[in-house]
Amino acid sequence: QVQLVESGGGLVQAGGSLRLSCVVSERIFSSLAMGWFRQAPGKERDFVSAISSSGSTSYAESVRGRFTISRDNAKNTVYLQMNSLKPEDTAVYYCAAAWLRPAVRPYEYNYWGQGTQVTVSS
């Protein structure tokens, strides 16, 4: 069973930065597509960013230019660098892994982490 563990969330003021990390237990991490999603209270889980096994990236329009996704295959880890944070970025952030390809819909991912809270104060 593939396990994902996120870390790096916390409380930050608007305009600040955070870096989320997601460590994957699977040794074939390099073959997995990885994604980040977020879910605010009372809302659906939304796509944030994804990275393919070859390093191609995609972003939601709301975070493009502010967030950067990257991966370190030697460490089985995917990162989400979040800059210029806004109060509307407040949510629980989830890491997800897919066997096939990076996607924007949650149901296309096979494995999920437990989530990490990001709170941006105004």
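Residues numbered from 1 in each chain as written. Predicted model: local features only at pLDDT ≥ 70, side-chain atom pairs only at ≥ 80, totals over all residues. Heavy atoms only, no water.

## Focus on the state of the cysteines
Every disulfide links exactly two cysteines, by a covalent bond between their sulfur atoms.
No. 1: Under the criterion given, the structure shown has 1 disulfide.
No. 2: Between C22 and C95 runs a disulfide, and the two sulfur atoms are separated by 2.1 Å. Sign of the S-S torsion, about -80° for the bond between C22 and C95, identifies this disulfide as left-handed. In this pair, C22 sits in strand β3 (residues 18-24) while C95 sits in strand β9 (residues 91-98), placing the two residues 73 residues apart along the sequence. Both residues of the pair, C22 and C95, count as buried. (Disulfide = S-S within 2.5 Å. Helix = DSSP H or I, 4+ residues; strand = E, 2+ residues; numbered from the N terminus. Buried < 20%, exposed > 50% of the residue type's maximum accessible area, 1.4 Å probe, protein only.)

## Points about the pattern of salt bridges
No. 1: Across all of its chains, the model carries 5 salt bridges by this definition.
No. 2: Close ionic contact of R38 with D89 constitutes a salt bridge, the shortest N to O distance being 2.9 Å. One end of the pair, R38, is in strand β4 (residues 33-39); the other, D89, is in the loop between β8 (77-82) and β9, and 51 residues separate them in sequence.
No. 3: For the salt bridge of D89 with R66, the shortest nitrogen-to-oxygen distance reads 2.8 Å. Of this pair, D89 sits in the loop between β8 and β9 while R66 sits in the loop between β6 (57-59) and β7 (67-72), placing them 23 residues apart in sequence. (Salt bridge = Lys/Arg side-chain N within 4 Å of Asp/Glu carboxyl O.)

## Observations concerning a nonpolar patch on the surface
No. 1: A cluster of nonpolar side chains, contributed by I28, W99 and L100, occupies part of the molecular surface with about 330 Å² of accessible area.
No. 2: When you line up the elements, L100 lands in the loop between β9 and β10 (111-112). (Patch = residues over 30% accessible without salt bridge, like charges linked within 9 Å, V, L, I, M, F, W, Y side chains within 5 Å. Areas by Shrake-Rupley, 256 points an atom, 1.4 Å probe, with all protein chains shown as cover.)

## Side note on the packing of aromatic side chains
No. 1: In this structure the tally under the stated criterion is 6 aromatic pairs.
No. 2: Seen from their ring centres, F37 and Y109 are 5.2 Å apart, and the 80° between their planes marks the pair as edge-to-face. A residue pair is termed long-range when its members are at least 10 positions apart, and F37 in strand β4 and Y109 in the loop between β9 and β10 qualify at 72 residues.
No. 3: Look at Y109 and you get buried, because its relative accessible area is 5%.
No. 4: Arranged with centres 6.4 Å apart and planes meeting at 75°, the rings of Y94 and W112 form a pair that is edge-to-face. One end of the pair, Y94, is in strand β9; the other, W112, is in strand β10, with 18 residues separating them in the sequence.
No. 5: On the basis of relative accessible area, Y94 is assigned to the buried category, the value being 13%.
No. 6: Clustering of aromatic rings is evident, with ring pairs tying together F37, F47, Y94, Y109 and W112.
No. 7: Just above the ring of Y94 sits the side chain of R45; from NZ or CZ to the centre is 3.6 Å. (Phe/Tyr/Trp six-rings, centres within 6.5 Å; stacked < 30°, edge-to-face > 60°. Lys NZ or Arg CZ within 6 Å of the ring centre and 35° of its normal.)

No statement about biological role is implied by the geometric values presented.
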